[in-house]
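Observations on chain architecture
For reference, the chains in residue letters:
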Amino acid sequence: MELKQQIKRFVENLAVQFAVDAVRSYLLHRLENITAADCYTAIKNKVNLWQITPDSDKTYIIKKILPRFRKLVIRYMDDITPRLVLEWLRRDRPDLADVIEKKNQWAYADYEKEEAYKWLATQVENIKANIKAVLLGAS
């Protein structure tokens, strides 16, 4: 691989990492006031997180984050999986990961572990679909 291609790939990888860090940081910011009990309630009631996301947050995502990272989001969105989000939660919000994985004090919660993971997967895919719709509508 010639030097020009190596530099291009390096810059692209750096941009991808920056975009992922921005998404992760924003997710953590949004989860600051969410408790494990809130997570439990959302799972039990099958709450759609995109529907309850304030319009101001959706506007911020659509007008501030997406325009800066549009190409990267389109290219790498499918790499954001429920498993990846759960890994982020394990590192940054283990209390929420425990609810989803039914660990510690949540081991005897009245739902199946698979139900909780399915809820998380549905949320991740729903949010991605809504963001894709915005991006494709802006093409």
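Residues numbered from 1 in each chain as written. Predicted model: local features only at pLDDT ≥ 70, side-chain atom pairs only at ≥ 80, totals over all residues. Heavy atoms only, no water.

Let us now look at helix α5 (residues 82–92). Within α5, the full set of buried residues consists of Pro-82, Val-85, Leu-86, Trp-88 and Leu-89. On an axial view of α5, the arc spanned by its buried residues comes to 155°, and they lie on one face. (Buried < 20%, exposed > 50% of the residue type's maximum accessible area, 1.4 Å probe, protein only. Helix = DSSP H or I, 4+ residues; strand = E, 2+ residues; numbered from the N terminus. Arc of directions from axis to C-beta.)

In this structure, Ile-43, Leu-89, Val-99, Ile-100, Tyr-111 and Leu-120 are the most contacted members of the largest nonpolar core, which totals 20 residues. For this core, the elements supplying multiple residues, two or more each, are α2 (36–44), α5, α6 (94–101) and α7 (113–137). Those residues within four positions of Leu-89 in sequence are excluded, and the remaining contacts are Leu-31, Pro-94, Leu-96, Ala-97 and Ile-100. Core analysis: the second largest hydrophobic core is formed by 11 residues, Leu-66, Phe-69, Val-73 and Leu-135 among them. (Core = buried A, V, L, I, M, F, W, Y, C linked by side-chain atoms within 4.5 Å. Contact = heavy atoms within 4.5 Å.)

So, about the pattern of salt bridges. Enumeration according to the criterion identifies nine salt bridges in this entry. Here Asp-110 and Lys-44 are joined by a salt bridge, their closest N and O atoms 3.9 Å apart. Of this pair, Asp-110 sits in the loop between α6 and α7 while Lys-44 sits in helix α2; the two residues are 66 residues apart in sequence, bridging distant segments of the chain. Judged by its relative accessible area of 31%, Lys-44 falls in the partly exposed class. Residue Arg-93 pairs with Asp-95 through a salt bridge whose shortest N-O separation is 2.8 Å. The exposure class assigned to Arg-93 is buried, which follows from its relative accessible area of 14%. When salt bridges that share partners are traced, they join Glu-87, Arg-90, Arg-91, Glu-101 and Lys-103 into one network. (Salt bridge = Lys/Arg side-chain N within 4 Å of Asp/Glu carboxyl O.)

What follows concerns the environment of Leu-31. Relative to the helices and strands, Leu-31 resides in the loop between α1 (3–30) and α2. Here Leu-31 falls in the buried class, since its relative accessible area comes to 16%. For Leu-31, the contacting residues outside a window of four places in its chain are Leu-89, Arg-93 and Leu-96.

Looking now at α7. Under the 1.5 Å per step criterion, the end-to-end length of α7 is 36 Å for 25 residues, consistent within 8% with the ideal 36 Å. Buried residues in α7 make contact with α2, α3 (49–52), α4 (55–76), α5 and α6. (Expected span 1.5 Å × (residues − 1).)

Moving on, we come to the packing of aromatic side chains. A full pass over the atoms with the stated rule returns two aromatic pairs. Look at Tyr-40 and Tyr-111: their rings are 5.7 Å apart centre to centre, the planes differ by 40°, and that puts the pair in the tilted class. Within this pair, whereas Tyr-40 is found in helix α2, its partner Tyr-111 is found in the loop between α6 and α7, the two being separated by 71 residues in sequence. Through pairs of rings, three or more aromatic residues link up here, namely Tyr-40, Trp-106 and Tyr-111. (Phe/Tyr/Trp six-rings, centres within 6.5 Å; stacked < 30°, edge-to-face > 60°.)

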